[in-house]
Amino acid sequence: MKVNEIAGKLCLRVNTAQGDLDREITGCYISDLLSDVMANAQDGEVWITLQTHPNIVAVAALKNLAGNIITNNRSPEEETLKKAEAERIPIMLSSSSTFETGGSLYRLLRC
Amino acid sequence: MTRQLCEGSFHLVGGEFTHAGAASSELKAILTGLGIGTDLVRRAAIATFEAEMNVIIHAAAGVLNYSVTPERIQIVVSDMGPGIPDIGLAMTEGYSTAPDWVREMGWGAGMGLPNIKKNSDRFRVESVVGEGTTIEIIILMKGGDAGEGE
């Protein structure tokens, strides 16, 4: 499944990298600890987090992730959006909780 | 004499969270440009990012030097920070001295040094309390003794 498909199905608001939504997603990693994501997230996964600061873009770019989903209606910082646009990392916003977002994505990818 | 493929350095500034990852990102691009395998580049980038974060979180400033030969990637990060009183304790997964506001950003989970060690073939830490810390990361180009070293 591609990034734009999950964005549509989960009603995510895509804030950056509109031109980079055609990428196939390999899975999902959920964590708010950045070292944990660096250690354990895999190439092509989407990362669900509550964090909104610019370091999430650096970690996503370093790990070659397909995009970030920020949950609970939280808004990314301005610098985060600028960096994400430059690094071509889609930042997607969910109005649902991490539990609900992760559960819905699990159903889409694994069921 | 071993042929040097590439060497360079980056200056790191303590507290500069906005630019965190810039050095590791640039090093990743340099290593990729040298035609080094994806897995080695990934390990070097993760280890470098964690080392960069340690300087940004704990030190006033630091410098990251790297050199690449056909045999290995060497990354040395030296900082002007508080130093580590007990390196064994600092290497324990989950142990951290980072302040609460850094933890709220998702850093300071006590995974940094263990992550660096996991991604290195050889790893060494030297520290003097009140002066600073130097870590050396070696990643061998062909196989190697992953996870060894201190």
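Student: Would you take a moment to explain the overall build of chain B for this structure?
Tutor: Broken down by element type, chain B carries five helices and five strands. The linear arrangement of helices and strands in chain B, starting from the amino end, is β-α-α-β-β-α-α-α-β-β. The C-alpha atoms of chain B give 15 Å as radius of gyration, which agrees with the globular expectation for 150 residues (15 Å, within 12%). With respect to the principal axes defined by its C-alpha atoms, chain B has extents near 45 × 30 × 25 Å. Looking at chain B as a whole, 37% of its 150 residues are labelled buried. Taking the intrachain contacts of chain B between residues at least 6 apart in sequence as the baseline, contacts between residues at least 24 apart amount to 65%.

Student: Quick question: what am I supposed to make of the packing of helix 3 (residues 55-62) of chain A against helix 1 (residues 22-33) of chain B here?
Tutor: The axes of two packed helices give the description: the angle between them and the distance between them. Interhelical geometry of helix 3 of chain A versus helix 1 of chain B gives an angle of 20° and a closest axis separation of 10 Å. With respect to helix 1 of chain B, the element helix 3 of chain A is oriented roughly parallel. Crossing handedness for the pair helix 3 of chain A and helix 1 of chain B: left-handed. Residues Ala-58, Ala-61 and Leu-62 of chain A of helix 3 of chain A lie in contact with helix 1 of chain B, whose contacting residues are Ser-24, Ser-25 and Lys-28 of chain B. Class assignment of the residues belonging to the contact of helix 3 of chain A with helix 1 of chain B gives a composition of three nonpolar, two polar and one charged.

Student: Just checking my understanding: could you explain unusual backbone geometry for this structure?
Tutor: Most peptide bonds take the trans form, and the phi angle of most residues other than glycine is negative. All names here are of chain A. Unlike most non-glycine residues, Cys-11 shows phi in positive territory, near 55°. Not every positive phi belongs to a glycine, and Asn-73 is a case in point at roughly 65°. Considering the arrangement of structural elements, one finds Asn-73 in the loop between strand 4 (67-70) and helix 4 (78-87). Under the C-beta neighbour-count criterion, Asn-73 is labelled exposed, with 11 such atoms within 10 Å.

Thresholds applied
- Residues take numbers from 1 onward in each chain, read along the sequence in its written order.
- Written order decides the labels, with chains lettered from A and ligands numbered from 1.
- Only residues with pLDDT of 70 or above have their local features reported here, since the model is predicted, and side-chain atom pairs are shown and tallied only from 80 upward, although totals for entire chains, interfaces and linings are computed over all residues.
- Strands are runs of DSSP state E lasting at least two residues, helices are runs of H or I lasting at least four, and both sets are numbered from the N terminus onward.
- Only the C-alpha atoms count toward the radius of gyration. The rule for a globule is 2.2 Å times the residue count to the power 0.38.
- Exposure criterion: with C-beta atoms placed from backbone coordinates, a residue whose C-beta has 20 or more other C-beta atoms within 10 Å is buried, one with 12 or fewer is exposed, and one in between is partly exposed.
- Each residue gets a C-beta atom placed from its backbone, and two residues are in contact if those atoms lie within 7 Å.
- Lines fitted to C-alpha atoms define the axes, with helix axes restricted to the stretch in contact, and inter-axis angles between N-to-C directions lie between 0 and 180 degrees.
- Between 65 and 115 degrees an angle is taken as roughly perpendicular, under 35 as roughly parallel, over 145 as roughly antiparallel, and anywhere else as oblique.
- Each crossing gets its hand from how the near helix is turned against the far one by less than a right angle, where anticlockwise is left-handed and clockwise is right-handed.
- Classification convention: Asp, Glu, Lys, Arg as charged; Ala, Val, Leu, Ile, Met, Phe, Trp, Tyr, Cys, Pro as nonpolar; all other residues, Gly among them, as polar.

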